[in-house]
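Letter by letter, the chains look like this.
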Amino acid sequence: MKVKARFLLLLAVLSLFGVFAVASPVLAGGNAQQTRFVSPYLVANTSFLNIRSGPGIQYTVVLTVVGGTELPVLGVANDRTWYQVSTVIGPGWVNVQYTLPRGDFTNVPLVSVDSFAQPAVGLPQGGQPNVGTVGFGTGTVTGAVADDAIAVGGFTNQREFGVSVTVAHPLRGAPSSTSSSPQNINPDLSVIYTILEAANAEGFTWFRVSIPGIGNYWVEGPKTQLRPYACQLSAVRLSSDTTPGIGPDGSGTLNGNVVVRAGTEAYLLDARNGQYKLEFFDGSVGWVPETAAAVRDRSQVRVEYCTTGRPSTIPGGVAVGGQTPGAVTGGTGGVPRPRLTTPHVVVNTGFLNIRSGPGAQYTILATVAGGTELPVIGVYSDEVWYLVEGRFGRGWVNIDFVLFRGDGSTLPIIRDATGFISAPVAVVSTSLVLYAAPNVSLGTVGSVTGPLDLPIVARSADGLWVQVRTSIGFGWLLVDQVLLQGDLSLVPIVNG
């Protein structure tokens, strides 16, 4: 219900540009059910999270909270990376990349960093974040500690939008038709301008854009088209009206009940079975037939944003029709919902195996050290295994041994993953007695001392024992004393 309500609210902005062919019931009907407001808070998404005295790693740590702690939001810094939160000892600051945002961030006020005194401590030599080692049970993670990370700038989520001018009109020095104008701006779909700011005036949205060689001026929203920058990802343009729906992998937030008009542009996230997975300006995701869209030719579009890396942040103060769309926030002092980085995981154990399939029974492709960051490109349907990328190619990691970072709302759900089944082994971590038969009263062969992996050659009918091959011969081990890995279905069962 939340996703649907959010999408309907965002239609207010998109309707200004003639994108959707259906009207939002929230905007059209005054009696539509109102969305329930949920106070914004952040959930600590790391084993331990530092709360700092100011919005940056150069400020002192005033408190450390454990993972899962809920922190009510009080304000946000201009970089939209550091959020002021309420704690048991008073206000403090956290880096949003190490949390999960929850609730409605529409009216979170901006807090000026200039209001803070000089920090008590500075960055280490060279301006790098503090590095240390934090212990987690039996393993350690070496790397940046908790919120000690440099604020992300530029390509925050790789899926930002600029505007192209579609109707000639005067540039303005302010968001007003009576403001002075240096010259007219002509229609040109070969140029996507960087959005610096937005405002609501005279009944519609204005964008302040960066125009190379001229300067920063305001253009009228209804006379422009929102278009993906597509600096690192590809963009597509719809060639016909279509109704995006759920894809072949089960992902998507649109279910075919909204018409998107020809000419609309969106980010291309995936392609399979003759369909494209697209993300639109409002953050909604849907699949369309490949025949209904064409990939945009990069060489035909000039995008200053991709060269300068300037973020298209939209400071608050934009309300459309009394509603509050997500990318253009409403209310005085409002700010957009936190934008998280591209989905990735941080290895949260001393060493982690990357497997060829989503399960411990699959072969190991590589082993990476604690603290390694791996981009996430999918999640298995059991929500336990992530598909990641690295020098090893593509492989799977268990969610229990990593820390997730970024926005995973658009990750595809993979239901038909395959891999190479590894030979079944018994993992021995301590010194164990090796028995001559699956019975403690029938004598011993010797002992084995871990860590080592022993091939399994047989198992008992009651499932309590496995027979293994060792350097001193064959013997039996109790199942509850070892860790079984691999596919046991083909291992013969021995009675007695």
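## Topic: the overall build of the chain
Then step 1. Along its length, the chain carries three helices and 39 strands.
Then step 2. Of all 496 residues assigned to the chain, the portion counted as buried reaches 46%.
Then step 3. A sequence separation of at least 24 residues applies to 62% of the contacts in the chain between residues at least 6 apart.
Then step 4. Counting every atom, the chain has about 23000 Å² of accessible surface; 52% of that belongs to carbon and sulfur.

## Here we look at a nonpolar patch on the surface
Then step 1. There is a patch of nonpolar side chains on the surface, built from V62, V88 and I89 and spanning about 310 Å² of accessible area.
Then step 2. Mapping V88 onto the fold places it in the loop between strand 5 (82-87) and strand 6 (90-95).
Then step 3. Residue V88 is classed as exposed on the basis of its relative accessible area of 79%.

## Here we look at unusual backbone geometry
Then step 1. With an omega dihedral of 5°, the bond running from G450 to P451 counts as a cis peptide bond.
Then step 2. Considering the arrangement of structural elements, one finds P451 in the loop between strand 34 (444-449) and strand 35 (452-460).
Then step 3. The backbone phi angle of N273 is positive, close to 50°, even though this residue is not glycine.
Then step 4. Secondary-structure assignment places N273 in the loop between strand 19 (265-272) and strand 20 (275-279).
Then step 5. Although it is not a glycine, E383 sits at a positive phi angle of roughly 60°.
Then step 6. Position of E383 among the secondary structure elements: in the loop between strand 27 (373-380) and strand 28 (385-390).
Then step 7. Judged by relative accessible area, which is 59%, E383 ranks as exposed.

## Re the packing of aromatic side chains
Then step 1. With the rule as written, the count across this model stands at five aromatic pairs.
Then step 2. Seen from their ring centres, Y83 and F105 are 5.8 Å apart, and the 85° between their planes marks the pair as edge-to-face. In this pair, Y83 is assigned in strand 5 and F105 in the loop between strand 7 (99-102) and strand 8 (131-136), connecting sequence segments 22 residues apart.
Then step 3. Of the residues examined, Y83 reaches a relative accessible area of 0% and is grouped as buried.
Then step 4. Residue classification places F105 among the buried positions, given a relative accessible area of 2%.
Then step 5. Taken together, a centroid distance of 5.8 Å and an interplanar angle of 85° make the contact between Y380 and W396 edge-to-face. Residue Y380 is found in strand 27, and its partner W396 is found in strand 29 (residues 393-398); the two are separated by 16 residues along the sequence.

## Looking at the side chain of K277
Then step 1. Structurally, the position occupied by K277 is in strand 20.
Then step 2. On the basis of relative accessible area, K277 is assigned to the buried category, the value being 1%.
Then step 3. With residues up to four places along the chain from it excluded, the contact list for K277 reads D249, S251, Y267, L268, L269, D270, V285, G286, W287, T410, L411 and P412.

## Quick word on the nonpolar core
Then step 1. In terms of nonpolar packing, the biggest core is built from 23 residues, with V163, I185, Y193, F207, V209 and Y229 touching the most fellow members.
Then step 2. When contributions to this core are tallied by element, the ones reaching two or more residues are strand 10 (161-165), strand 13 (191-192), strand 14 (194-201) and strand 15 (204-211).

## Side note on the confidence of the model for the chain
Then step 1. Looking at the chain as a whole, its pLDDT mean stands at 74, while 76% of the residues score no less than 70.
Then step 2. When the criterion is pLDDT under 50, residues 117-157 qualifies, and its contacts beyond four places in sequence or with other chains add up to 90 contacts.

## Focus: the environment of L432
Then step 1. Summarising the element assignment, L432 is placed in strand 33 (residues 431-435).
Then step 2. In this structure L432 comes out as buried when scored by relative accessible area, which is 9%.
Then step 3. For the pair L432 and G450, spaced 18 residues apart in sequence, the C-alpha separation works out to 8.3 Å.
Then step 4. Not counting residues within four places of it along the chain, the set of residues in contact with L432 comprises G446, S447, V448, L477, Q481 and V482.

## What about the sheet that holds strand 19?
Then step 1. Taken together, five strands build an open sheet; the order of strands is 21-20-19-18-22 and the sheet is antiparallel. Two strands close off the open sheet at either side, each with one partner strand: strand 21 (285-289) and strand 22 (293-295). Here the average twist between neighbouring strands, direction ignored, is 45°.
Then step 2. Sheet topology note: the strand 19/strand 20 ladder contains five bridges and is antiparallel. Pairing of R272 across the sheet is with Q275, part of strand 20.

## Some remarks on the pairing of strand 28
Then step 1. Strand direction decides the pairing type here: strand 27 and strand 28, joined by three bridges, are antiparallel. Within strand 28, the position partnered with V376 by the bridge is V388.
Then step 2. In textbook terms, the turn of a hairpin is the stretch between consecutive antiparallel strands, and for strand 27 and strand 28 this stretch comprises four residues, one of which, E383, has a positive phi near 60°.
Then step 3. Pairing geometry for strand 28 and strand 29, over six bridges, is antiparallel. Each bridged residue has a counterpart across the sheet, and for G390 the counterpart in strand 29 is G393.
Then step 4. Between strand 28 and the antiparallel strand that follows it, strand 29, lie two residues.

The rules behind each value
- The residue numbers shown here count from 1 along each chain, following its written sequence.
- This being a predicted model, a pLDDT of at least 70 is required before a residue's local features are given, and a value of 80 or more before pairs of side-chain atoms are given or counted; all residues contribute to the totals for chains, interfaces and linings.
- Water and hydrogen atoms play no part in the side-chain values, which are based on all heavy atoms of the structure.
- Secondary structure elements are taken from DSSP: a helix is a run of H or I of four residues or more, a strand is a run of E of two residues or more, and numbering for both begins at the N terminus.
- The buried label applies to any residue whose accessible area, calculated with a 1.4 Å probe on protein chains only, is under 20% of its type's maximum; exposed applies above 50%, and partly exposed to all values in between.
- Contact criterion: two residues are considered in contact whenever any of their non-hydrogen atoms come within 4.5 Å of each other.
- Reported accessibility uses the Shrake-Rupley method at a 1.4 Å probe radius. Residues are deemed covered only where the shown protein chains occlude them.
- The patches described consist of residues with a relative accessible area above 30% and no salt bridge, like charges being joined within 9 Å and nonpolar side chains (Val, Leu, Ile, Met, Phe, Trp, Tyr) within 5 Å.
- Salt bridge criterion: a side-chain nitrogen from Lys or Arg within 4 Å of a carboxyl oxygen from Asp or Glu.
- Pairs were defined over the aromatic rings of Phe, Tyr and Trp, the Trp ring being its six-membered one, requiring ring centres within 6.5 Å. Orientation was assigned from the angle between planes: stacked under 30 degrees, edge-to-face over 60, tilted for the rest.
- Take the buried Ala, Val, Leu, Ile, Met, Phe, Trp, Tyr and Cys residues and link them wherever side-chain atoms come within 4.5 Å; each set so joined is a nonpolar core.
- Values of pLDDT, ranging from 0 to 100, describe the predictor's confidence in every residue of the model.
- Should DSSP find at least two bridges between two strands, the strands are taken to pair.
- Throughout, an axis means a line fitted to C-alpha atoms (over the contacting stretch in the case of helices), and angles, computed between N-to-C directions, take values from 0 to 180 degrees.

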